[in-house]
Amino acid sequence: MTKKRLLLLPLALLAIVAIAFAIISRQGKPQAQPGVELLENGGFDQTSGEWLPQGCLPDAYMSYSDLSSFDLVPGRSGQAAQITNHSMNDARYRQTVQVSPDTLYRFSGYIRADARGGLGANLSVADVYIFSVPVFQTQGEWEYIALYGRTGKQQHEVTLFAR
């Protein structure tokens, strides 16, 4: 055998071992089911007695009623949750959902925004400083945005914000 063939054999064996390890390590890990809606009332079709989307709670950094308002309005298809900040405030709808550990998820939706300053309209996750791309002006049109994230090895729930 030549030196070239002797060098290729260990490299080929190393590649086979690496591929086998990758396949084995992925087996048994929970997987999110594509297309399954985890949010309760993700389309805002059901309302509470206070005319708020059922399953979503209004939340804000400063919860004074004159700083922010939360409403349901006609949406892209059906209803939409609307947040109006009358002054600078981190107002959002929040919902906690059950998840599988160590699993990749997509949180997505359509946003129509007329924001000035701050972080704009976005999707985010509680307790971590991560946001979707901020949306400031959509000129009355609906814009699709998404936020991807992997849950922790022991994580079984996540709180999501629509801001």
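Look up: the structure comes first, before these words.
The notes below deal with the structure included here. (Residues numbered from 1 in each chain as written. Predicted model: local features only at pLDDT ≥ 70, side-chain atom pairs only at ≥ 80, totals over all residues. Heavy atoms only, no water.)

## Some words on a nonpolar patch on the surface
- Judged by side-chain polarity, Y61, M62 and Y64 come together as a nonpolar surface patch covering roughly 390 Å² of accessible area.
- Residue position: Y61 is located in the loop between β1 (57-60) and β2 (68-74).
- Its relative accessible area of 67% is what places Y61 among the exposed residues. (Patch = residues over 30% accessible without salt bridge, like charges linked within 9 Å, V, L, I, M, F, W, Y side chains within 5 Å. Areas by Shrake-Rupley, 256 points an atom, 1.4 Å probe, with all protein chains shown as cover. Salt bridge = Lys/Arg side-chain N within 4 Å of Asp/Glu carboxyl O. Helix = DSSP H or I, 4+ residues; strand = E, 2+ residues; numbered from the N terminus. Buried < 20%, exposed > 50% of the residue type's maximum accessible area, 1.4 Å probe, protein only.)

## A look at the pairing of strand β4 (residues 91-98)
- Relative to β4, β1 is paired through 4 bridges, and the arrangement is antiparallel. Across the sheet, residue P58 finds its bridge partner in β4, namely Y93.
- Pairing of β4 with strand β8 (residues 157-162), which is carried by 6 bridges, proceeds in the antiparallel orientation. Residue pairing for β8: Q95 is matched across the bridge by L160. (Pairing = 2+ DSSP bridges.)

## A few points about the sheet that holds β1
- Across the sheet, 4 strands lie side by side as β1-β4-β8-β6; this open sheet has antiparallel pairing. Both outer strands of the open sheet, β1 and β6 (123-125), are each paired with one neighbouring strand and no more. Taken over all neighbouring pairs, the strand axes of this sheet differ in orientation by 35 degrees on average, direction set aside. (Axes fitted to C-alpha atoms, helices over the stretch in contact; angles between N-to-C directions.)

## Regarding the pattern of salt bridges
- Overall, the coordinates contain 7 salt bridges when judged by the stated rule.
- A salt bridge links K153 to D102; the shortest N-O distance between them is 4.0 Å. Residue K153 is located in the loop between β7 (143-150) and β8, and its partner D102 is located in the loop between β4 and β5 (104-111); the two are separated by 51 residues in the primary sequence.
- Taking the relative accessible area as the measure of exposure, K153 reaches 63% and is therefore exposed.
- A salt bridge links D114 to R116; its shortest N-O distance comes to 3.5 Å. With respect to burial, D114 and R116 carry one shared label: exposed.

## Points about the side chain of T138
- Along the polypeptide, T138 turns up in the loop between β6 and β7.
- Separated by 3.0 Å, the side chain of T138 and the backbone nitrogen of A113 make a polar contact.
- At a separation of 2.8 Å, a polar atom in the side chain of T138 contacts the main-chain carbonyl oxygen of E141.
- Setting aside residues up to four positions removed in sequence, T138 forms contacts with I111, R112, A113 and E143. (Polar contact = N/O pair within 3.5 Å; in protein donor to acceptor, adjacent residues only side chain to side chain. Contact = heavy atoms within 4.5 Å.)

## A few points about the environment of F136
- Relative to the helices and strands, F136 is located in the loop between β6 and β7.
- Once residues within four sequence positions are removed from consideration, F136 is found in contact with A113, D114, A115, G117, G118, L119 and G120.

## Digging into the side chain of S68
- As for its position among the elements, S68 is in strand β2.
- On the accessibility criterion, S68 (7% relative accessible area) is buried.
- At 2.4 Å, the side chain of S68 and the side chain of N85 are in polar contact.
- If sequence neighbours within four positions are ignored, S68 has contacts with T84, N85, H86, N89 and A91.

## Things to note about the environment of T84
- Inspection of the secondary structure assignment puts T84 in strand β3 (residues 79-85).
- A sequence separation of 31 residues divides T84 from A115, and the C-alpha atoms of the two residues are 9.2 Å apart.
- For T84, the residues in contact, after removing those within four places along its chain, are L67, S68 and S69.
- Side chain to side chain, T84 and Q82 meet in a polar contact 3.4 Å long.

Any functional reading would require information beyond the geometric quantities listed.
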